[in-house]
Amino acid sequence: MLALLMAASMSVSADNTWSYHQESDRLTNQTYSFAQSPLSRPGLYDYLRLEIACKENQLQAVIIANDLIASQNSSFEMEYQIDKKPPATVPMKTFPDSKRKGYTIEFARQIADDLLTGQAVFISVRTMIRKVLSSSIPLDKAAEPVKHVFADCGLSLSGNSDHEPAYSFAEFEQEFSQLSADQQQKLLATIKKLMMEIR
């Protein structure tokens, strides 16, 4: 009885954190790996799950839903927001054999890097019937599974060991607007000097 309770608690714990998996593709017999997000608490959000996968030595960001997203091989957009940072929108495409799973290769690295910079990610997808699916996913303990997938793909994490996000132009504009006119002029003079040196 005690063993059953321990197994159940371990299962619940595993479901609440990011996890690393290795599986074999039935069609190609090739092994692939993925870091899988936990699910949001039932009733608060839709069933949406994120995966960072390494398939055929390519990094993929995958979204999985219970509802139909779009027809097979169809384009759609996913919006994601890390904590209170500006949201980002990335194009994705459903798999040839699924209307409920989509992926991106082009933006996989950007998404994976961003996931390592915050406490939670809010994701949303507009489906083919104009319904919006959304979910909030915790990012604690995401680093190790994602690092493992990166290693499987022969990739290293971004140079910043603390996983600080790149300073975006949108963040600069927001913070610049909060400075006094005198501070803005001083900063612009410093930037101008830096730009001259770079040239």
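Residues numbered from 1 in each chain as written. Predicted model: local features only at pLDDT ≥ 70, side-chain atom pairs only at ≥ 80, totals over all residues. Heavy atoms only, no water.

### Comments concerning the environment of Gln119
Next up, step 1: With respect to the helices, strands and loops of the structure, Gln119 is situated in the loop between α2 (108-115) and β8 (120-126).
Next up, step 2: Remark: the alpha-carbon pair of Gln119 and Ile137, spanning 18 residues in sequence, is separated by 8.8 Å. (Helix = DSSP H or I, 4+ residues; strand = E, 2+ residues; numbered from the N terminus.)

### What to know about the sheet that holds strand β7 (residues 101-104)
Adjacent strands of a sheet form backbone hydrogen bonds with each other and so pair up, either parallel or antiparallel.
Next up, step 1: Taken in spatial order, the nine strands make up an open sheet running β1-β2-β3-β4-β7-β6-β5-β8-β9, and their pairing is antiparallel. The open sheet has two edge strands, β1 (19-24) and β9 (132-138), and neither has a second partner. Here the average twist between neighbouring strands, direction ignored, is 30°.
Next up, step 2: Bridge count for strand β3 (residues 48-55) against strand β4 (residues 58-65) is eight bridges, and the pairing is antiparallel. Bridge assignment links Ala53 to a residue of β4, and that residue is Gln60.
Next up, step 3: Sitting on the sheet, α2 is in contact with β3, β4, β5 (75-82), β6 (88-94), β7 and β8, with an inclination near 20° to β5. (Pairing = 2+ DSSP bridges. Axes fitted to C-alpha atoms, helices over the stretch in contact; angles between N-to-C directions. Contact = heavy atoms within 4.5 Å.)

### Here's the deal with the packing of aromatic side chains
In this description, a pair of aromatic rings is defined by centroid distance and the angle of the planes.
Next up, step 1: This structure, assessed with the given rule, holds three aromatic pairs.
Next up, step 2: The cationic tip of Lys55 hangs over the ring face of Tyr32; the distance from NZ or CZ to the ring centre is 4.5 Å.
Next up, step 3: Over the ring of Phe95 we find Lys101, and its NZ or CZ is 5.5 Å from the ring centre. (Phe/Tyr/Trp six-rings, centres within 6.5 Å; stacked < 30°, edge-to-face > 60°. Lys NZ or Arg CZ within 6 Å of the ring centre and 35° of its normal.)

### As for the pattern of salt bridges
Next up, step 1: Across all of its chains, the model carries four salt bridges by this definition.
Next up, step 2: Note that Arg109 is salt-bridged to Asp113, the shortest N-O span being 3.2 Å. On the criterion of helical spacing, the pair formed by Arg109 and Asp113 is a turn pair, its members being four residues apart in helix α2.
Next up, step 3: Judged by relative accessible area, Asp113 falls into the buried class, the value being 19%.
Next up, step 4: Where Lys186 meets Asp182, a salt bridge forms, and the shortest distance between an N and an O atom there is 3.6 Å. Placement of the pair is Lys186 and Asp182 together in helix α5 (residues 181-198), with a separation of four residues, close to one helical turn. (Salt bridge = Lys/Arg side-chain N within 4 Å of Asp/Glu carboxyl O. Buried < 20%, exposed > 50% of the residue type's maximum accessible area, 1.4 Å probe, protein only.)

### Brief notes about the confidence of the model for the protein
Next up, step 1: On average, residues of the protein score 84 in pLDDT, and 84% of them reach the 70 mark or higher.
Next up, step 2: Helix α1 (residues 2-15) is the least confidently modelled element of the protein, averaging 38 in pLDDT, while β7 averages 96, the highest of any element.
Next up, step 3: Of the regions scoring below 50 in pLDDT, residues 1-14 engages in zero contacts with residues more than four places distant in sequence or in other chains.
Next up, step 4: Confidence drops under a pLDDT of 50 for residues 159-164, and excluding neighbours within four residues, the segment shows five contacts in the predicted structure. (pLDDT = per-residue confidence, 0-100.)

### A few points about the environment of Gln30
Next up, step 1: Structurally, the position occupied by Gln30 is in the loop between β1 and β2 (31-36).
Next up, step 2: On the accessibility criterion, Gln30 (39% relative accessible area) is partly exposed.
Next up, step 3: Counting along the chain gives 26 residues from Gln30 to Glu56, while the straight-line C-alpha distance between them is 7.8 Å.
Next up, step 4: Contact partners of Gln30, with chain neighbours within four places excluded, come to Glu23, Ser24, Asp25 and Glu56.

### Some details on the pairing of β8
Next up, step 1: Looking at chain direction, β5 and β8 are connected through five bridges and run antiparallel. When the sheet's bridge partners are listed, Met78 is paired in β8 with Val125.
Next up, step 2: Both β8 and β9 contribute to a ladder of seven bridges, which runs antiparallel. When the sheet's bridge partners are listed, Arg126 is paired in β9 with Val132.

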